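Breakdown of the fold
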Amino acid sequence: MSDYHGTPTKPKARKEHQCIACGWVIPKGEVYIQQTGFYDNQPYNNKYHNECWDELCEENTFGFVTGDIEPPARLTR
């Protein structure tokens, strides 16, 4: 099976989630980016803060480890 990366969606969180990029919490009620697919024959369901997704897209750095991206400034104040 080849890799497949679905089209990102923007659901509203019904519960807290963890951002796969920065590792911080996505609060309940926040709109976030979700992408599902298969990578190396393994399914994934990744969730991102909007800011983290934007930074990954700008830098084209999707080969990251959780915590490589700084959390959004609005969460660290």
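For the structure, check the block above.
Residues numbered from 1 in each chain as written. Predicted model: local features only at pLDDT ≥ 70, side-chain atom pairs only at ≥ 80, totals over all residues. Heavy atoms only, no water.

**Some thoughts on the overall build of the protein chain**
Short version of the rule: Each helix corresponds to a stretch of at least 4 residues labelled H or I by DSSP, and each strand to a stretch of at least 2 residues labelled E; elements are numbered beginning at the N terminus. Atoms considered for the radius of gyration are the C-alpha atoms alone. The globule rule reads 2.2 Å times the number of residues to the power 0.38. The rule is simple: take the accessible area with a 1.4 Å probe, protein chains only, and divide by the maximum for that residue type; under 20% is buried, over 50% is exposed, in between is partly exposed. Any two residues whose heavy atoms approach within 4.5 Å are treated as being in contact. Under the convention used here, a 1.4 Å probe and the Shrake-Rupley method define accessible areas, while residue burial counts only the protein chains that appear.
Helix and strand content of the protein chain: two helices and five strands. Taken from the N to the C terminus, the helices and strands of the protein chain come in the order β-β-β-β-β-α-α. Whereas a compact globule of 77 residues would reach a radius of gyration of roughly 11 Å, the protein chain reaches 12 Å, a difference of no more than 12%. Burial status across the protein chain gives 32% buried among its 77 residues. Taking the contacts inside the protein chain whose residues are at least 6 apart along the sequence as the reference set, 49% of them involve residues at least 24 apart. Carbon and sulfur atoms make up 48% of the accessible area of the protein chain, which totals about 5300 Å².

**What about the pattern of salt bridges?**
Side chains that differ in sign of charge can pair as their charged atoms come close. The cut-off we apply is this: Any carboxyl oxygen of Asp or Glu within 4 Å of a side-chain nitrogen of Lys or Arg constitutes a salt bridge here.
Enumeration over the complete set of coordinates arrives at two salt bridges. For Glu51, the salt bridge is made with Arg74, and the minimal N-O distance between the two is 2.6 Å. With Glu51 in helix α1 (residues 50-59) and Arg74 in helix α2 (residues 73-76), this pair connects stretches of sequence that are 23 residues apart. Among the ionic contacts, a cluster of salt bridges with common partners joins Glu30, Glu51 and Arg74.

**Here's the deal with unusual backbone geometry**
Its identity is not glycine, yet Asp40 carries a phi of approximately 50 degrees, on the positive side. With respect to the element layout, Asp40 can be found in the loop between β4 (33-39) and β5 (42-48).

**Some details on the side chain of Gln34**
As for its placement among the helices and strands, Gln34 is situated in strand β4. Taking relative accessible area as the criterion, Gln34 reaches 19% and is therefore assigned buried. Ignoring any residue separated from it by four or fewer positions in sequence, one finds Gln34 in contact with Thr7, Pro8, Thr9, Pro11, Asn45, Asn46 and Lys47.

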